[in-house]
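# Survey of secondary and tertiary structure
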Amino acid sequence: MMKRIIGLVLLCFLIVGCNFGMKKEEILKGEGELVVYNQSSGRIDDIIYGGKEFNVRISENTSAPWVNPGEKVSEKFPNEETGYIFFEIHDYKVRTNEIITVSKGERKVVAITDNTLVVVSGESIPVTVLEVIKR
């Protein structure tokens, strides 16, 4: 009998532990969320992932298509998405070098830093964000 109680308690801890850090609404809806942190030294404009444009909310009725250094932006996705993150930095259109996957029920955080590898539109060799900024 005691083994069953201990097993039940451990199962409860396992279930609660798997949901740690997620909002109840996200678990129930099963949406995925992509959070993009701009930790680079330049402003990031026109972020697009999974066919959605990311906008920073400035006020209740106003949003902007850019993310200043130190800011973040996020979007939710009802289905699993896989692809590159596209954005502009210093008037250059770029995409991430790595493919990003956001699964249902997952909160994926991507930090764009000066050392993040990107591919400039029309080119094929990856360079760092800092190299694009210095162009």
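Our subject in this report is the structure included herewith. Predicted model only: the values in this text are computed from it and were never measured. (Residues numbered from 1 in each chain as written. Predicted model: local features only at pLDDT ≥ 70, side-chain atom pairs only at ≥ 80, totals over all residues. Heavy atoms only, no water.)

## A short note on the sheet that holds strand 7 (residues 72-77)
In any sheet, the strands associate via hydrogen bonds between backbone groups, in a parallel or an antiparallel arrangement. In spatial order, the strands read 7-1-12; together these 3 strands make up an open sheet with mixed pairing. Two strands bound the open sheet, and with one partner strand each, they are strand 7 and strand 12 (107-113). When strand polarity is set aside, the average angle formed by the axes of neighbouring strands in this sheet is 15 degrees. Two elements, strand 1 (residues 32-39) and strand 7, share 6 bridges in a ladder whose sense is antiparallel. In the strand pairing of strand 7, E33 is matched with K76. (Pairing = 2+ DSSP bridges. Helix = DSSP H or I, 4+ residues; strand = E, 2+ residues; numbered from the N terminus. Axes fitted to C-alpha atoms, helices over the stretch in contact; angles between N-to-C directions.)

## Details of unusual backbone geometry
A positive phi angle, near 50 degrees, is found at H90, a position not held by glycine. Accessibility expressed as a relative area gives 39% for H90, which makes it partly exposed. Positive phi, close to 65 degrees, is recorded for D91, a residue that is not glycine. Within the fold, D91 resides in the loop between strand 9 (86-89) and strand 10 (92-96). (Buried < 20%, exposed > 50% of the residue type's maximum accessible area, 1.4 Å probe, protein only.)

## Thoughts on the packing of aromatic side chains
Under the counting rule described, the total for this entry stands at 3 aromatic pairs. Ring geometry for Y49 against F77: centres 5.4 Å apart, planes inclined by 85 degrees, an arrangement best described as edge-to-face. Of the two residues, Y49 is situated in strand 2 (residues 44-49) and F77 in strand 7; the sequence distance between them amounts to 28 residues. Across this residue pair, the class does not change: Y49 and F77 are buried. Where Y84 meets F86, the ring centres are 6.4 Å apart and the plane angle is 80 degrees; that geometry is what we call edge-to-face. Using a relative accessible area of 26% as the deciding quantity, one classes Y84 as partly exposed. Exposure remark for F86: the relative accessible area of 41% places this residue in the partly exposed category. Linked through ring pairs, Y49, F54 and F77 together constitute an aromatic cluster. (Phe/Tyr/Trp six-rings, centres within 6.5 Å; stacked < 30°, edge-to-face > 60°.)

## What to know about the environment of F86
With respect to the helices and strands, the residue F86 is situated in strand 9. Once the C-alpha coordinates of F86 and T96 are considered, the two residues, 10 residues apart in sequence, prove to be 6.6 Å apart. Not counting residues up to four positions away in its chain, the partners in contact with F86 are D46, I47, I48, V94 and R95. (Contact = heavy atoms within 4.5 Å.)

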